[in-house]
Structures are given as structure tokens and as C-alpha cells.
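Residue-level structure breakdown
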Amino acid sequence: MSETTWSVTVDKDLCIGSGGCVLRAPEAFELDAARQSCPRVEVMAASDEVLDAAENCPVEAITIVEEGTGTVVFPPAD
Ligand code: SF4
């Protein structure tokens, strides 16, 4: 298997519950009872939708790390 997988986390101290990530990648994120985003699974297949969600989060609460290599996919290094 050479499919790229990502470990996706949401910083709940930053998430303001806008729901943008859920709209952009509903298969990857859901809002919990406190209206904060939660990844549906800890490790998921790499996808444009998930990257789009991270890039458009208004508070950059979403971090994506490539499984295996540990490369940070998002946020980009300064
Ligand atoms: S887009 Fe960002 S702030 Fe909005 S729900 Fe998702 S993680 Fe939270």
C-alpha cells in the first residue's frame, strides 16, 4: 500500500465552531455537542477536501501530518 495517509487533529482551544471544515469535508469532520470540530477518524486518506478545510479554517485550528514520514502538510512552515 502506497496510499498516503494523514493524521488530522483539531486544536479545540482555537476552534470557534464555524463549521467550515464540516461543510468542506463532511466525511472527515463533524461538530461535537459543544459545536467544536472533531476529526471523524484519527488517520485518514489524503484528500483535497481535507486540505481545503485546513487551509480555509479561519483560526488555523487544523493540523495535518503525513503518517510515516511525520511531514507537516498543514500549516505550512513559515
Ligand atoms: S473550520 Fe476551523 S474553526 Fe471552523 S469548525 Fe472547523 S476547525 Fe473549528
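Our subject in this report is the structure included herewith.

**A short note on the site of the ligand**
Close to the ligand lie 13 residues; Cys15, Ser18, Gly19, Cys21 and Cys57 are nearest. Classifying every residue of the shell around the ligand by side-chain character gives eight nonpolar, five polar and no charged.

**Focus: the state of the cysteines**
This model, assessed by the stated rule, comprises zero disulfides. The thiol of Cys38 is not disulfide-bonded; the next cysteine sulfur, from Cys15, is found 8.3 Å away. Overall, the relative accessible area of 17% leaves Cys38 in the buried class.

**Some remarks on helix H2 (residues 48-56)**
Among the residues of H2, Val50, Ala53 and Ala54 are the ones counted as buried. One side of H2 carries all its buried residues, which in axial view fall inside an arc of 95°. For H2, the elements touching its buried residues are strand S1 (5-10), helix H1 (20-24), strand S2 (29-31), strand S4 (43-45), strand S5 (62-66) and strand S6 (72-74).

**With respect to empty space enclosed by the protein**
Once rolled over the atoms, a probe with the size of a water molecule shows which space is left empty. The final tally for this structure, using the stated rule, is one cavity of 30 Å³ or more. Around the largest cavity, the lining comprises 14 residues; the ones closest to its centre are Cys15, Ser18, Cys21, Ser37 and Cys57. The residue inventory of the lining of the largest cavity, partitioned by class, reads nine nonpolar, five polar and no charged.

**Some remarks on unusual backbone geometry**
Between Phe74 and Pro75 the backbone carries a cis peptide bond, its omega angle lying at 0°. On the secondary structure map, Pro75 appears in the segment after S6. Of note in the backbone geometry, Arg35 takes a positive phi value of approximately 60° without being a glycine. Counting through the fold element by element, Arg35 comes out in the loop between S2 and strand S3 (37-39). Arg35 sits in the partly exposed class, given a relative accessible area of 49%.

**Details of the pairing of S1**
Burial along S1 is one-sided: Trp6, Val8 and Val10 are buried, while Thr5, Ser7 and Thr9, pointing the other way, are not. Examined bridge by bridge, S1 and S4 share three bridges and lie antiparallel to one another. Bridge pairing in S4 links Thr5 to Ala45. Here five bridges tie S1 to S5, and the two strands are oriented antiparallel to one another.

Basis of the calculations
- Residues numbered from 1 in each chain as written.
- Predicted model: local features only at pLDDT ≥ 70, side-chain atom pairs only at ≥ 80, totals over all residues.
- Heavy atoms only, no water.
- Near = heavy atom within 4 Å.
- Nonpolar A, V, L, I, M, F, W, Y, C, P; charged D, E, K, R; others polar.
- Disulfide = S-S within 2.5 Å.
- Buried < 20%, exposed > 50% of the residue type's maximum accessible area, 1.4 Å probe, protein only.
- Helix = DSSP H or I, 4+ residues; strand = E, 2+ residues; numbered from the N terminus.
- Arc of directions from axis to C-beta.
- Contact = heavy atoms within 4.5 Å.
- 1 Å grid on protein atoms, 1.4 Å probe; cavity = no way out; pocket = protein on both sides within 12 Å on 5 of 7 lines; lining within 4 Å.
- Points joined across faces, edges and corners; volume = space filled by probe spheres on them.
- Pairing = 2+ DSSP bridges.

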